[in-house]
Amino acid sequence: MTDKKLIGVDLGGTTAKFAIMTVDGDIQQRWSIDTDILDEGSHIVPDIVESINHHLDLYNMTPEDFIGIGMGTPGSVNSEEGTVIGAFNLNWKVTQYLRRDIEAGTHMKLAVDNDANVAALGERWKGAGENQPDVAFVTLGTGVGGGIVADGHLLHGVAGSAGELGHVTVEPRGYECTCGKKGCLETYASATGVVRVARDMAEEYAGNSKLKTMLDDGEQISSKLVFDLAKESDPLAVKVVDRVSYYLGLALANVGNMLNPAYIVIGGGVSAAGGFLRKQVEAYFEEFTFPNVKQTTKVRLANLGNVAGVIGAASLALQFDQQ
Ligand SMILES: [Zn+2]
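These numbers come from a predicted model, not from an experiment. (Residues numbered from 1 in each chain as written. Predicted model: local features only at pLDDT ≥ 70, side-chain atom pairs only at ≥ 80, totals over all residues. Heavy atoms only, no water.)

1. Considering the sheet that holds strand β1 (residues 5-11)
Right, on to step 1. The sheet built from five strands is open, its strands ordered β3-β2-β1-β4-β7 with mixed pairing. The sheet terminates laterally at β3 (27-34) and β7 (110-114), the two strands that pair on one side only. The sheet shows a mean angle of 15° between the axes of neighbouring strands, taken without regard to direction.
Right, on to step 2. As judged from the six bridges shared by β1 and strand β4 (residues 66-73), these two strands associate in the parallel manner. Within the sheet, the bridge partner assigned to Lys5 lies in β4 and is Phe66.
Right, on to step 3. Relative to the sheet, helix α4 (residues 115-126) contacts β1, β2 (15-21), β4 and β7, its axis offset from that of β7 by approximately 100°. (Pairing = 2+ DSSP bridges. Helix = DSSP H or I, 4+ residues; strand = E, 2+ residues; numbered from the N terminus. Axes fitted to C-alpha atoms, helices over the stretch in contact; angles between N-to-C directions. Contact = heavy atoms within 4.5 Å.)

This is how it looks when you write it as structure tokens:
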């Protein structure tokens, strides 16, 4: 086994996280920089290159000490070409040639995939997925994303959209989604989705509820507040969490029925609701899975937090070890 290292880069709309890791997935160094999205995001790639080169200098390392760089990015990624397009939170409107530019700037090989897929790889490798060959991952944040590892391979599909769990239809003709479709999981189970469900259910709710009072008073609410109130047994908040859990349980059950992974891992900001959310999702998951899947596929919470992305990104570079 090589003692060469891996570099992971997890690019997001506010920060880019970096890690130097061993091939066994142990983090040796970590740092991050702010993402400068000005000027159509044209500073992002040069900043990443400069930060990597600077830290190699700092640690007295050279490109020869590394197998390569793995990177996760928002947007539609073409892994074969090493390009990305449509990352609107980075102001990237035209195709970005990540592999070409980062390889030229660092003299190391680059592998790239989308941010949800690298988070899935991270949780599968070093997190709740326990390095099982079959693991599905769903991330609940501003949006809902996902990634699927089947028989040890990350699924991409014919156009890179495999594992986009956020756009699984859970309510035919339901809420309108940014993708143009209706009733997507993302419209109910993202942070904004939970708030939207709360607003709509509040309109029809007649009982006593702190959540209802706050909404009626025009106060700003968050998904976290909804979960916190549900934990305190606020009757409307309990109903909202039940509705959200139903949609999540339904979507994840069908992932289970299709793929029978060892684990379906729930991550992202909304999953901070923890065991409270997991238990309720699991109840619906069990209702909607058939017996063999119910007995063998487990719903778990992610346990790497925000380093899942950078760990999974680094693991992309392992492919260069065999070359
Ligand atoms: Zn959608």
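2. Let's talk about the coordination of the zinc ion
Right, on to step 1. Within the protein, the atoms that donate to the zinc ion are His167 (ND1), Cys177 (SG), Cys179 (SG) and Cys184 (SG), at distances of 2.0 to 2.4 Å.
Right, on to step 2. Given four donor atoms and angles of 106 to 117° at the metal, the environment of the zinc ion is assigned as tetrahedral.
Right, on to step 3. All donors of the zinc ion come from a single chain, and their spacing in sequence reads H-x9-C-x1-C-x4-C. With His167 in the loop between β10 (153-154) and α5 (186-189) and Cys177 in the loop between β10 and α5, this residue pair connects regions lying ten residues apart in the sequence.
Right, on to step 4. In this structure His167 comes out as partly exposed when scored by relative accessible area, which is 26%.
Right, on to step 5. The buried category is assigned to Cys177, whose relative accessible area is 9%. (Donors = N, O, S within 2.8 Å, 3.2 Å for Na, K, Ca; no water. Tetrahedral: all angles 85-135°; square planar, octahedral: opposite > 155°, others 65-115°. Buried < 20%, exposed > 50% of the residue type's maximum accessible area, 1.4 Å probe, protein only.)

3. Observations regarding the environment of Leu121
Right, on to step 1. Mapped onto the secondary structure, Leu121 falls in helix α4.
Right, on to step 2. When the C-alpha positions of Leu121 and Leu304 are compared, they lie 11 Å apart, and in sequence the two are 183 residues distant.
Right, on to step 3. With residues up to four places along the chain from it excluded, the contact list for Leu121 reads Val149, Leu154, Gly312, Ser315 and Leu316.

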